[in-house]
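# Remarks on the overall topology
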Amino acid sequence: MIKNQAKERILIVEDEVLLAKQVKKNLLENGYSDVIITTNYIDAVHHLKKYQIDIALLDININGYKSGIDVANFINKNIQIPFIFLTSYNDEKTLERLMPLKPLTYLNKPVNKYTLLSALNFHFNTIKKAVSNIVAITIGSKIYQINKSEIIFVQAENVYLNIHHSNQQKQLIRFTLSKFLSHFSSKELIQINRSTAINLKYVEEYSLSQVKIREQYFKISKKFIPDFKAQLHANM
């Protein structure tokens, strides 16, 4: 059994009531405690506007003059949340209609409980992991959202910090290196000299006097060698 203790709100848009209730039952039994069922476009849009829905499960053919594809279009245009199509059709023509809408995935009906739970758990776990990597740093009236795992190294330049990211982008903020490092553990960023801190996972070469990252060499000051050695061995 795939168990999950989740608080996410899931919207099921499905006009086959027995199927919708079975999907809801499976979700409730596996830790998803907030599940809403609707059977048509109007009710679906009402709930999407009224509640903070985290993900929607959309049948293509539903009651009324609009379809699950129309619900997907509303989502993409207005609230940008992920959705999964539930469909009895897996022919090429149907899939060509669905893919431009960028669903998270699509599942054939009758819906396999374990396939659905795996898709949901993978999605929410991925989001949680990404969020856990974000550090919010407030400087004056500005809040900087910084992804810890993407920092390669940080260098102090007068009253500014130059943050180098793995996507080769640079971010300049007015902040001291010591205050910046207070938001991170030494496993995430370690200071190696007065003006530089590095992410050890990006080190390509090292000695007790310097490290190489992205074709650049950085000096390790004597003061910081013990911490560098300790973290290096801890991460090996």
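Coordinates for the structure precede this section.
This section reports on the structure supplied with the text. (Residues numbered from 1 in each chain as written. Predicted model: local features only at pLDDT ≥ 70, side-chain atom pairs only at ≥ 80, totals over all residues. Heavy atoms only, no water.)

### Observations concerning the overall build of the protein
- Each helix and strand in the protein was counted, giving seven helices and 15 strands.
- Taken over C-alpha atoms, the radius of gyration comes to 24 Å for the protein, far larger than the 18 Å a tight globule of 236 residues would show.
- C-alpha extents for the protein along the principal axes are approximately 70 × 40 × 35 Å.
- Of all intrachain contacts in the protein linking residues separated by at least 6 positions in sequence, the fraction that spans at least 24 positions is 52%.
- In the structure as shown, the protein presents an accessible area of about 13700 Å², 50% of it carried by carbon and sulfur atoms. (Helix = DSSP H or I, 4+ residues; strand = E, 2+ residues; numbered from the N terminus. Rg over C-alpha atoms; globule rule 2.2 N^0.38 Å. Contact = heavy atoms within 4.5 Å. Areas by Shrake-Rupley, 256 points an atom, 1.4 Å probe, with all protein chains shown as cover.)

### Brief notes about the nonpolar core
- Counting 23 residues, the largest nonpolar core has Leu11, Leu48, Leu58, Val71, Ile75, Phe83 and Phe85 as its most contacted members.
- When contributions to this core are tallied by element, the ones reaching two or more residues are strand E1 (6–13), helix H2 (41–50), strand E3 (55–59), helix H3 (68–78), strand E4 (83–87) and helix H4 (92–98).
- For this core, the element with the highest residue contribution is H3, accounting for five residues.
- If we skip the residues at most four places from it in the chain, Leu11 touches Ile36, Thr38, Ala44, His47, Leu48, Ile53, Ile55, Ala56 and Leu57.
- The next biggest cluster of nonpolar side chains, apart from the first, holds 19 residues, and it includes Leu19, Leu27, Leu57 and Val111. (Core = buried A, V, L, I, M, F, W, Y, C linked by side-chain atoms within 4.5 Å. Buried < 20%, exposed > 50% of the residue type's maximum accessible area, 1.4 Å probe, protein only.)

### Here we look at the packing of helix H1 (residues 17–29) against helix H5 (residues 113–132)
- Remark: H1 packs on H5, axes separated minimally by 11 Å, with the N-to-C direction vectors making an angle of 55°. In terms of axis orientation, H1 runs oblique to H5. Considering the relative orientation of H1 and H5, their crossing is right-handed. Between H1 and H5, the contacting residues are Val23, Asn26 and Leu27 on the first element and Lys113, Leu116, Leu117 and Leu120 on the second. (Axes fitted to C-alpha atoms, helices over the stretch in contact; angles between N-to-C directions. Parallel < 35°, antiparallel > 145°, perpendicular 65-115°, else oblique. Left-handed = near helix turned anticlockwise from the far one by under 90°.)

### Concerning helix H7 (residues 225–234)
- For H7, every residue scored as buried is listed here: Ile225, Phe228, Gln231 and Leu232. Taken down its axis, H7 places every buried residue within 135° of arc, on the same side. Residues of H7 that are exposed and angled more than 90 degrees away from the buried face: Pro226, His233 and Ala234.
- Next to the buried residues of H7 lie strand E11 (190–193), strand E12 (196–198), strand E13 (205–206) and strand E14 (210–213). (Arc of directions from axis to C-beta.)

### Quick look at a nonpolar patch on the surface
- Taken together, Val159, Tyr160 and Leu172 make up a surface patch of nonpolar side chains, about 270 Å² in accessible area.
- With respect to the helices and strands, Val159 occurs in the loop between strand E8 (151–157) and strand E9 (160–165).
- Overall, the relative accessible area of 43% leaves Val159 in the partly exposed class. (Patch = residues over 30% accessible without salt bridge, like charges linked within 9 Å, V, L, I, M, F, W, Y side chains within 5 Å. Salt bridge = Lys/Arg side-chain N within 4 Å of Asp/Glu carboxyl O.)

### So, the sheet that holds E8
- Sheet architecture is open: five strands sit in the order E10-E9-E8-E12-E11, paired in antiparallel fashion. Edge positions in the sheet fall to strand E10 (170–174) and E11, since each has one partner strand and no second. Going from strand to strand, the sheet's axes swing by 25° on average, the running direction of each strand aside.
- As paired strands, E11 and E12 are joined by three bridges and run antiparallel to one another. Bridge pairing links Gln191 to Ala197 in E12. (Pairing = 2+ DSSP bridges.)

### Remarks on the pattern of salt bridges
- Applying the stated criterion across every chain yields a total of eight salt bridges.
- Ionic pairing is found between Lys109 and Glu14, a salt bridge with its closest N-O pair at 3.2 Å. Taken together, the positions of Lys109 in the loop between strand E5 (105–108) and H5 and Glu14 in the loop between E1 and H1 put the pair 95 residues apart, joining distant regions of the chain.
- Of the charged contacts in the structure, one is a salt bridge between Lys212 and Glu215, with a shortest N-O distance of 3.6 Å.
- Residue classification places Glu215 among the exposed residues on the basis of a relative accessible area of 61%.

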